[in-house]
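Spelled out from the first residue to the last, the chains are:
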Amino acid sequence: MTAIAPTLEAAPARRVKIPLAVILLIPITLINLIGFVAPVINLLSFSFREVQATGAMTGGSSIASWVAIVTDPFYIELLVNSILTSLLIVVLTLVCSFPIALLLHRTTGFARTVLLFVVITPLLTSAVVRTYGWIALLLDGGVINSLLSLAGLPTLKLIFNSTGVVIGLTEILMPYMILSLLAGFRRLDPRVEEAALTLGANPFQTFWRIIVPLTLPGVALGSLLCFVLAVSSFITPKLLGGGRVFLLATEIYDQAMVTLNWPLASTLAIMILIVFGGALFLYLRALRAIA
Amino acid sequence: MLHVPVTGSSESAAGEGFLSVRGLNKRYGDFIAVDNLDLDLPKGELVAFLGPSGCGKTTSLRMIAGLVPATSGRIVVGGRDLTTVEPYRRDMGLVFQSYALFPHMSIAENVAFGLKMRKVGRAETEQRVREAISMVRLTGKESHRPAQLSGGQQQRVALARALVIRPSILLLDEPLSNLDAKLRDEMRNEIRDIQQRLGITAIFVTHDQAEALTMCDKVAVMNAGRLEQLGTPVELYEKPQSPFVASFIGRTNRFAAVAKNGAAELAGLSIPTPAGMTGKVEVMIRPHRITLSAPADGAPCHAVEGVVTRSIFAGDILQYEVVAHGATFLVEQGTAAHERPLEQGSPVRLHWLMSDTYVFGAAA
């Protein structure tokens, strides 16, 4: 054996070995470069272009767009409003989704399949269709207000304001939250809950001291995902806000397609990316704190 | 060290145990998991619930802990009827097979959890947690997370967590089954030592008869939801009351026979049967109670001629398979120096005491 070993080692020609992982990463890297990095760079360059009132971009560069969004109270309010509305939607989505995810986690067999199907089905329907469904429900003469007036109660203004946007987006984002929570519930062990019970924790204490801390990774993941989707949502705020609710994504559309101020639209788009970066940073911080 | 307070008014009434279970039933639809369990355990004893998987031992334990509601029956501890009391008000310590530690808490926080729920003051909590952790020899690991400890260490944390609340009863649900063999022996002694030192009443669920026999004061053998026999390890081994107990505890030769006129025929022998027993019976003899020579003191015994058909040397014991009058006997002998095992085909004469012969009516 010892005599053979050196020849075996010497036999293959010396070649640079590329690890398989690197080779497998090449396609996704290319796709991301072409489909994501290049457009973002393009956006970034647009945001520094000079624009005329007609919307025509001159060849010159300008920081007017950036100055506008950090000094104009309208854009500052737009940014704050977008973030706060999205946070409210995240909280409501979480509160509505948590019990469903917990039930789903504890259901087994056929019932689980049915329940999971019910949770996922909305994802198979376009957000536009679901938003029109909400319009039918929320309109001044819609289902909810008709029922309210039948019951002799005052009607509510549920649509073409922030309320409508929050209601619609909360429902639309719930499946994402439920699935994220479910993925994070793997640490939940029924034996651990039983241990808490036998140690004297009542069901309420068991929920807050054992179940909630163990589900925080899922909560963090779902919150990040829903926040990102809420900030960048466009169709639902557009239709349920009735042009009266100003959020980042709708404003970008207006600037790009109505006002034709592409540099400003680009600047706002970059702003969204910065907000996402901040959200991701907070998520990673939170993960480290709760792990 | 920890002291276990006497719960309830005082010692319970004579004839009733510290833990008294009456007519406990658990049904899942048509399936009877636990069938009419009656049990009285004295204070301070370690009792095993022993049986094959699915015999209802874990379900019984979980009913006593309050984690599974009983279909019917009563559970009384120290004179206090706990049947409908919620698990978090039962004051029992439960140790799980899977440890079930709180993964997001440190070892000290895990142990302190029960005291926190009981609103014990900070100074007392700290002291009791320190004592409990030192009792299971984990001093220095207080700030570790459960995932940083080995399986044996985690189970010791679970034990400390259950004991620090000074429970009325300590319940152990297969606590050693996830540990490797060497650790299992160590933990077995450790649990027994701590249980005796604290004088705590404890129930130990296991499917391992060696665990049950070696560490427990009493063993409750369960089968198919029923309590087959409750007794000391010696009683179970020497005076099994059912064929299940005789065959489940230790190894045994089982023969089917027919009882007629007060006797059953086995390998040409007439084995006396208990009065009134007729029809199919089972005769059982422990392999190591069969000898190759007649007892020296002339005690009444059965004897039969046979031929060795298989001979196995297993170091500490010799195992022979002997065929006598069509019946195959397993015979075990302790080995001694300079002894030559009998070879296949050797004629032998088997002897066993009449009192070592068990006859049971065959199960219907």
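Look above for the structure.
One structure accompanies this document, and this report is about it. The structure displayed is predicted, hence computed values, not measured ones.

### Quick look at the overall build of chain B
For step 1, the next point in the chain: Along its length, chain B carries eight helices and 19 strands.
For step 2, the next point in the chain: In terms of principal-axis extent, the alpha carbons of chain B reach across some 75 × 50 × 40 Å.
For step 3, the next point in the chain: Taking all 364 residues of chain B together, 50% fall into the buried category.
For step 4, the next point in the chain: Taking contacts inside chain B between residues at least 6 apart in sequence as the whole, the part at least 24 apart equals 67%.
For step 5, the next point in the chain: Of the roughly 16400 Å² that chain B leaves accessible, carbon and sulfur atoms contribute 51%.
For step 6, the next point in the chain: Side chains of chain B carry 39 positive and 38 negative charges; the gap between the two charge centres is 6 Å.

### Structural notes on helix H9 (residues 190-198) of chain A
For step 1, the next point in the chain: The element H9(A) is extensively covered by neighbouring structure, given that seven of its nine residues are classed as buried.
For step 2, the next point in the chain: All of the buried residues along H9(A) are Val192(A), Glu193(A), Glu194(A), Ala195(A), Ala196(A), Leu197(A) and Thr198(A).
For step 3, the next point in the chain: Those residues of H9(A) that are buried are in contact with helix H4 (73-106) and helix H10 (203-231) of chain A together with helix H1 (57-65), strand E6 (92-95), helix H2 (107-117) and helix H4 (151-163) of chain B.
For step 4, the next point in the chain: Looking at where H9(A) begins, the residue whose side-chain oxygen comes 2.9 Å from the main-chain nitrogen of Arg191(A) is Asp189(A).

### Let's talk about the packing of H10(A) against H2(B)
For step 1, the next point in the chain: At a closest axis distance of 13 Å, the pairing of H10(A) and H2(B) adopts a crossing angle of 150°. Viewed along their axes, H10(A) and H2(B) adopt a mutual orientation that is roughly antiparallel. Regarding H10(A) and H2(B), the two cross each other, and that crossing is right-handed. On H2(B), the residues that touch Gln205(A), Arg209(A) and Ile210(A) of H10(A) are Phe113(B), Lys116(B) and Met117(B).
For step 2, the next point in the chain: Of the residues in the contact of H10(A) with H2(B), the class split is three nonpolar, one polar and two charged.

### Comments concerning the nonpolar core
In summary, soluble globular proteins display a tendency toward joint burial of nonpolar side chains.
For step 1, the next point in the chain: Among the nonpolar cores identified, the biggest contains 143 residues, and Leu19(B), Ile64(B), Phe102(B), Phe113(B), Leu159(B), Leu170(B) and Leu171(B) are the most heavily contacted of them.
For step 2, the next point in the chain: Sort the elements by how many residues they give to this core and helix H13 (residues 262-290) of chain A lands first, with 11 residues.
For step 3, the next point in the chain: Leaving out residues up to four positions away in the same chain, Ile64(B) has contacts with Leu19(B), Val21(B), Phe49(B), Ile75(B), Arg90(B), Met92(B), Leu171(B) and Ile203(B).
For step 4, the next point in the chain: In terms of nonpolar packing, the next biggest core, distinct from the first, is built from 26 residues, Phe255(B), Leu266(B), Ile271(B) and Met277(B) among them.

### Structural notes on unusual backbone geometry
For step 1, the next point in the chain: One non-glycine residue with positive phi stands out, namely Leu260(A), at about 60°.
For step 2, the next point in the chain: Looking at where Leu260(A) falls in the secondary structure, it is placed in the loop between helix H12 (248-258) and H13.
For step 3, the next point in the chain: Residue class for Leu260(A) comes out partly exposed when judged on its relative accessible area of 39%.
For step 4, the next point in the chain: The residue Arg166(B) is not glycine, and still its phi comes out positive at about 50°.
For step 5, the next point in the chain: As for its position among the elements, Arg166(B) is in the loop between H4 and strand E7 (169-173).
For step 6, the next point in the chain: Relative accessible area serves as the criterion here: at 24%, Arg166(B) is assigned to the partly exposed category.

### Focus: the interface of chain A and chain B
For step 1, the next point in the chain: Listed by partner, the interface residues are 20 residues for chain A and 24 residues for chain B.
For step 2, the next point in the chain: On the chain A side of the interface with chain B, the three residues burying the most area are Thr198(A), Leu199(A) and Arg209(A), jointly 36% of the side's total.
For step 3, the next point in the chain: There are one salt bridge connecting chain A and chain B.
For step 4, the next point in the chain: In this structure, Glu194(A) engages Arg62(B) in a salt bridge whose closest nitrogen and oxygen atoms are separated by 2.6 Å.
For step 5, the next point in the chain: Across the chain A-chain B interface, the total number found is three residue pairs in polar contact (both at pLDDT 80 or more).
For step 6, the next point in the chain: Only H9 and H10 of chain A provide two or more residues apiece to the side of chain A that touches chain B.
For step 7, the next point in the chain: Here the side of chain A that touches chain B gets seven residues from one element, more than from any other, and that element is H9(A).
For step 8, the next point in the chain: Here the side of chain A that touches chain B is composed, by residue class, of 11 nonpolar, four polar and five charged.

What counts and how
Counting starts from 1 at the beginning of each chain's written sequence and moves along it residue by residue. As a convention, the first chain written is A and the first ligand written is 1, with the rest following in written order. Residues qualify for local features only when their pLDDT is at least 70, as the model is predicted, and side-chain atom pairs are given and counted only at 80 or more; totals for whole chains, interfaces and linings, by contrast, use all residues. Only heavy atoms go into the side-chain values, all of them from the structure, while hydrogens and water stay out. Helical segments are the DSSP runs of H or I of at least four residues, strand segments are the runs of E of at least two, and each set is numbered from the N terminus. Throughout this description, buried means an accessible area under 20% of the type-specific maximum (1.4 Å probe, protein chains only), exposed means over 50%, and partly exposed covers the range between. Any two residues having at least one pair of non-hydrogen atoms within 4.5 Å are treated as being in contact. Here the Shrake-Rupley method, with its probe set to 1.4 Å, supplies the accessible areas, and only the displayed protein chains count as covering residues. In summary, the charge assignment counts Lys and Arg as positive and Asp and Glu as negative, without counting His or the chain termini. A charged residue contributes its charge at one atom only: NZ of Lys, CZ of Arg, CG of Asp or CD of Glu. In the analysis that follows, any N or O atom pair within 3.5 Å is treated as a polar contact, provided that within protein one partner can donate a hydrogen and the other can accept it, and provided that, for residues neighboring in sequence, both atoms belong to side chains. Simply put, an axis is a line fit to the C-alpha atoms, just over the touching stretch for a helix, and the angle between two N-to-C directions goes from 0 to 180 degrees. Roughly parallel here means an angle under 35 degrees, roughly antiparallel means over 145, roughly perpendicular means 65 to 115, and every remaining angle is called oblique. Note on convention: near helix rotated counterclockwise from far helix by under a right angle means a left-handed crossing. Clockwise means right-handed. When residues are grouped by polarity, Ala, Val, Leu, Ile, Met, Phe, Trp, Tyr, Cys and Pro land in nonpolar, Asp, Glu, Lys and Arg in charged, and all others, Gly among them, in polar. Buried residues of nine kinds, namely Ala, Val, Leu, Ile, Met, Phe, Trp, Tyr and Cys, make up a nonpolar core once their side-chain atoms join them within 4.5 Å. The quantity reported as buried area is the accessible area (1.4 Å probe) lost by two parts once they are put together, taken as the sum for both. Put simply, a salt bridge is a Lys or Arg side-chain nitrogen that is within 4 Å of an Asp or Glu carboxyl oxygen.

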